[in-house]
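# Notes for the structure review
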Amino acid sequence: MDFNINDITRENVKTLKPYSSARDEFEDFDTAKMIFLDANENPFQNGVNRYPDPQQNSVKAILARNNNVKASQILLGNGSDEVLDLLFRAFCEPKTDNIISLPPTYGMYSVLANINAVENREVLLSADFQPDVDKILDVVDDHTKIIFLCSPNNPTGNSFSDEGVVKLLQNFKGLVVIDEAYIDFSDKESWLTEIDEYPNLVITQTLSKAYGLAGIRLGICYASEAVISVLNKIKPPYNVNELTQQRAIVRLNDSDKIKKEIVSIIEQREELLKVLLEVGFVVKVYPTEANFVLVKVDDANKRYDQLIEKGIVIRNRTTQPLCENCLRFTIGIPEENYKLMDVLLRLNKQEI
Ligand code: PMP
């Protein structure tokens, strides 16, 4: 498949001269000997009086080492939501181009398409929540720039078959974005190992889930150097703030703790799955490879309200396609999960 980045990049982005910040023009800003009078900052030190590294080199160095990719194959954003938005802005011409998303899935692909005035062609997942590859390829036209695959998928929890993903990577001339926000909870390997294989493969990840840093907003995009350099042209100069970079580095260096938390979440998930099967009003428990589980119940609105009444907030997904009467439960700490299990079992016995 002949993929050419120039064929998919917006014309104005191709010709754009990016903003050059003070820190871009003199990069060695760690050099203690230099006097920095170039960025109109307040010179009095308080830890964050200087602009952050626009290329987040220290964070990228750790991610590159951990994931066996080059730092030049990484772009960081203010959450993966910003990364997704940058993909639209770099590659999709408003009112002309289109993207494909596969409901039921993460809602931001559709919202970002709307914000960017890009048509969102929706191709429903199959009954077992897998992409219908032939239908997707049928819907592709010359203006289709991106196909968004969320694997493991939110809200269904399953990941997509390798076969389907490879077929899309091999047959689609635009970008195949695989959103791996939940990959750390899955036994499946990340698609990162294939990034040198497919020039049209883009992988997004986040520190918001397994890494426990939703509050600092750090999203990651891995792709070919060609794709990353286009995104770098349009990203806001200081899109990842200094405090975020510092906290990310501390956390990324604490891999033992992260692993332990992931193990706990997975163990708890498996316990919850067993209990759910004992609950009479649960119609179906969908297989999950994420830190949540999708469950079909007799009456989602009723069960949602009952749980709220008991102080437990879950996500009601009943209005999503293929998700009628479905609830999504995020896995909490053991204490929270045991409370949830207790409430579900007691509701089942009509004790409460
Ligand atoms: N992708 C998926 C599939 C998600 O579920 C979420 C958050 N719910 C995100 C991306 C956004 O993550 P971030 O916090 O990095 O913006």
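What you are looking at is a predicted structure, and each value in this text was computed from that prediction instead of being measured.

Here we take up the overall build of the protein. Each helix and strand counted, the protein has 13 helices and 11 strands in total. In terms of principal-axis extent, the alpha carbons of the protein reach across some 70 × 50 × 30 Å. The buried share of the protein, taken over its 352 residues, is 50%. The contacts of the protein with a sequence gap of at least 6 include a subset with a gap of at least 24, amounting to 68%. Surface accessibility of the protein: about 17100 Å² in total, with carbon and sulfur atoms responsible for 48%. Charge-centre separation for the protein: the mean point of 39 positive side chains lies 4 Å from the mean point of 53 negative side chains.

Glancing now at the environment of Phe36. Mapped onto the elements of the fold, Phe36 is located in the loop between helix H3 (22-25) and helix H4 (57-67). Taking the relative accessible area as the measure of exposure, Phe36 reaches 12% and is therefore buried. Taking the C-alpha atoms as reference points, Phe36 and Ser101, separated by 65 residues in sequence, lie 47 Å from one another.

Turning our eyes to something else, we now look at the site of the ligand. In the vicinity of the ligand lie 13 residues, with Ser80, Asp179, Thr206, Ser208 and Arg217 positioned nearest. One nitrogen or oxygen atom from the main chain of Ser80 is found 2.7 Å from an oxygen atom belonging to the ligand. The side chain of Tyr182 places a nitrogen or oxygen atom 2.7 Å from an oxygen atom of the ligand. Computed on the free molecule, the ligand has an accessible area of 400 Å², of which 90% lies beneath the protein chains in the complex.

A word on the domain arrangement of the protein. The domain boundaries assigned to the protein delineate domain 1 (5-253) and domain 2 (256-351). Placing a centre on the C-alpha atoms of domain 1 and another on those of domain 2 gives a separation of 30 Å. Opposite the 22 residues of domain 1 that make contact, domain 2 presents 21 residues. Summed over both sides, the interface between domain 1 and domain 2 buries roughly 1800 Å², with carbon and sulfur atoms accounting for 64% of that surface. Of all residues in domain 1, Pro155, Phe185 and Arg251 give up the largest surface area on contact with domain 2, accounting jointly for 35% of the area buried on that side. Applying the counting criterion to the domain 1 and domain 2 interface returns one salt bridge. One salt bridge in this structure joins Arg251 and Glu261, with 2.7 Å as the shortest N-O distance. When its residues are assigned to classes, the side of domain 1 that touches domain 2 shows 11 nonpolar, eight polar and three charged.

Rules used throughout
- Residues numbered from 1 in each chain as written.
- Predicted model: local features only at pLDDT ≥ 70, side-chain atom pairs only at ≥ 80, totals over all residues.
- Heavy atoms only, no water.
- Helix = DSSP H or I, 4+ residues; strand = E, 2+ residues; numbered from the N terminus.
- Buried < 20%, exposed > 50% of the residue type's maximum accessible area, 1.4 Å probe, protein only.
- Contact = heavy atoms within 4.5 Å.
- Areas by Shrake-Rupley, 256 points an atom, 1.4 Å probe, with all protein chains shown as cover.
- Lys, Arg positive; Asp, Glu negative; His and termini not counted.
- Charge placed at Lys NZ, Arg CZ, Asp CG, Glu CD.
- Near = heavy atom within 4 Å.
- Polar contact = N/O pair within 3.5 Å; in protein donor to acceptor, adjacent residues only side chain to side chain.
- Domains from an automatic or database assignment.
- Buried area = accessible area lost by both parts, 1.4 Å probe.
- Salt bridge = Lys/Arg side-chain N within 4 Å of Asp/Glu carboxyl O.
- Nonpolar A, V, L, I, M, F, W, Y, C, P; charged D, E, K, R; others polar.

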